[in-house]
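# Structural features, examined
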Amino acid sequence: MEYQDLLELARDRRSCRRFRDDPVPTEVIDKILDIARYSPSAANSQPWEFVVVEDFTMKRAISKEIVSVYKEAKERDTTFNFKAAVQSQLFRAPVLIVVCGDRRLMQAYPTLLRGRELLRQSLAICAYSIQLAAASFGLATAWATVHWGPPETAVKRLLAIPESFTVDHIIPLGYPDVTKEKRTRALTQVRERAPFRRELREVVHHRGYDITKYRSDK
Ligand SMILES: Cc1cc2nc3c(=O)[nH]c(=O)nc-3n(C[C@H](O)[C@H](O)[C@H](O)COP(=O)(O)O)c2cc1C
C-alpha cells in the first residue's frame, strides 16, 4: 500500500450518523473483524471480543438503553447538542459491532502500570481499526460511547456478555445515507462548528514544546 492510499483512507473516514437499510455481507463483517484482531494491545493482551448484532429488536433495545443516560446529561449540560450523537440512531444501522474488553486481562500488565487505562487504550485502537477497515470497503461507521453504570449493565444483560467484560463502545456499521445526513440540522451544525482537523503545523513541535502554539482555552 502506498502512503497516498493510507492518507486517503484516514482522511475520508468520517463518522456517519444516518445509515441506509442495505445489509452488509457477512464475509465483509468477518474481514473487518479479522483486521481488528491484528490491532496492537498493551502486553499483547488482545482483550477484545466482538458481538455482532443484526437483529432489529435487539438493536432497538440496545439503542434505547444507551440513550437513556443522555436525558440526565442533557439537564447537566444544556450546551451540548445531544441530537448530533449517534446513540439515538444506532438501531437504524444494519450492523452493530459491540466491542467487549475482558477486564481479567488487566492483570497482564505490571501492577504499577495503569491497568484500566491500558485495557481501554487497547480497545480504542481496536475500534479505530474497525473503522478504517470498514472505510476500505466503502462502509461508514460511527462511535457510540456506552456509559458506565445502567447503560453498560443493560447492554451486557441483553447480549448475555459475561460479567468480566467491559463494553465501552459500539460501532454501528453500514452504508451512509448521505441525503439524511444532509437534512439533519444537528449534524450540519456540528460539522460547521468543529473544524475538520487541526493543521499539521499546529500539532507538531520540534525540539521541545513550542509555547507559541499553545491552544487557547477558547
Ligand atoms: C473515544 C471516542 C468516543 C466517541 N463517542 C461518540 C459518541 O458517543 N457518539 C457519537 O456520535 N460520536 C462519538 N465519537 C465520534 C467523534 O465525535 C468523531 O470521531 C469526531 O467528531 C471527529 O469526526 P469524524 O469521525 O467524522 O472525523 C467518539 C469518538 C471517539 C474517538
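### So, the overall build of the protein chain
Scanning the protein chain from N- to C-terminus turns up eight helices and five strands. Listing each helix as α and each strand as β along the protein chain from the N terminus yields α-α-β-α-β-α-β-β-α-β-α-α-α. A compact globule built from 218 residues should have a C-alpha radius of gyration of about 17 Å, and the protein chain, at 18 Å, falls within 12% of that. Along the first, second and third principal axes, the C-alpha atoms of the protein chain reach 50 × 50 × 45 Å. Buried positions account for 30% of the 218 residues belonging to the protein chain. Counted over contacts in the protein chain with a minimum sequence separation of 6, partners at least 24 positions apart contribute 84%.

### Let's talk about the packing of helix 3 (residues 56-76) against helix 5 (residues 150-159)
Where helix 3 meets helix 5, the axes come as close as 8 Å, and the angle between the chain directions of the two elements is 165 degrees. On the basis of the axis angle, helix 3 is roughly antiparallel to helix 5. Regarding helix 3 and helix 5, the two cross each other, and that crossing is right-handed. Across the interface between the two elements, Met58, Ala61, Ile62, Glu65, Ile66, Ser68 and Val69 of helix 3 pack against Pro150, Pro151, Ala154, Val155 and Leu158 of helix 5.

### Focus: the environment of Arg20
Structurally, Arg20 is set in the loop between helix 1 (3-12) and helix 2 (26-36). Taking the C-beta count within 10 Å as the criterion, Arg20 has 17 such neighbours and is therefore assigned partly exposed. In this structure Arg20 touches Gly174, Tyr175 and Asp177, once residues within four positions along its chain are discounted.

### With respect to helix 4 (residues 115-136)
Taking 1.5 Å per residue, 22 residues should reach 32 Å; helix 4 reaches 32 Å between its end C-alpha atoms and fits that length. Within the sequence span of helix 4, burial applies to Leu118, Leu119, Ser122, Leu123, Cys126, Ala127, Ile130, Gln131, Ala133 and Ala134. Contacts from the buried residues of helix 4 go to helix 2, strand 1 (48-53), strand 2 (95-102), strand 3 (140-141) and strand 5 (165-174). In the segment just after helix 4, Gly138 is the residue with positive phi, at about 75 degrees.

### Brief notes about the pairing of strand 5
Burial within strand 5 is extensive, with 10 of its 10 residues counted as buried. Sheet analysis places strand 2 next to strand 5, joined by eight bridges and oriented antiparallel. The residue of strand 5 that forms the bridge with Asp102 is Phe165. As paired elements, strand 3 and strand 5 share two bridges and run antiparallel to each other. Each residue of the ladder has a partner; that of Thr141, found in strand 5, is Leu173. Across two bridges, strand 4 (residues 144-145) lies against strand 5 in antiparallel orientation. Bridge assignment links Ala144 to a residue of strand 5, and that residue is Ile170.

### Some thoughts on the nonpolar core
Leu96, Ile97, Val98, Val99, Ile130 and Ile170 are the most contacted members of the largest nonpolar core, which totals 44 residues. For this core, the secondary-structure elements that each account for two or more residues are helix 2, strand 1, helix 3, strand 2, helix 4 and strand 5. For this core, the element with the most residues is helix 4, which contributes eight residues. Setting aside residues up to four positions removed in sequence, Ile170 forms contacts with Leu90, Leu96, Ile97, Val98, Val99, Ala144 and Val146.

### Notes on the packing of helix 2 against helix 4
At their nearest, the axes of helix 2 and helix 4 sit 8 Å apart, and the two run at 140 degrees to each other. Relative to helix 4, the element helix 2 lies oblique. Judged by the sense of rotation from one axis to the other, the crossing of helix 2 with helix 4 is right-handed. Residues Ile32, Ile35 and Ala36 of helix 2 pack against Cys126, Ser129, Ile130, Ala133 and Ala134 of helix 4. Looking at the contact of helix 2 with helix 4 residue by residue, the class counts come to seven nonpolar, one polar and no charged.

Analysis parameters
Residues numbered from 1 in each chain as written. Predicted model: local features only at pLDDT ≥ 70, side-chain atom pairs only at ≥ 80, totals over all residues. Helix = DSSP H or I, 4+ residues; strand = E, 2+ residues; numbered from the N terminus. Rg over C-alpha atoms; globule rule 2.2 N^0.38 Å. Buried ≥ 20, exposed ≤ 12 C-beta atoms within 10 Å, placed from the backbone. Contact = placed C-beta atoms within 7 Å. Axes fitted to C-alpha atoms, helices over the stretch in contact; angles between N-to-C directions. Parallel < 35°, antiparallel > 145°, perpendicular 65-115°, else oblique. Left-handed = near helix turned anticlockwise from the far one by under 90°. Expected span 1.5 Å × (residues − 1). Pairing = 2+ DSSP bridges. Core = buried A, V, L, I, M, F, W, Y, C linked by C-beta atoms within 7 Å. Nonpolar A, V, L, I, M, F, W, Y, C, P; charged D, E, K, R; others polar.

Any functional reading would require information beyond the geometric quantities listed.
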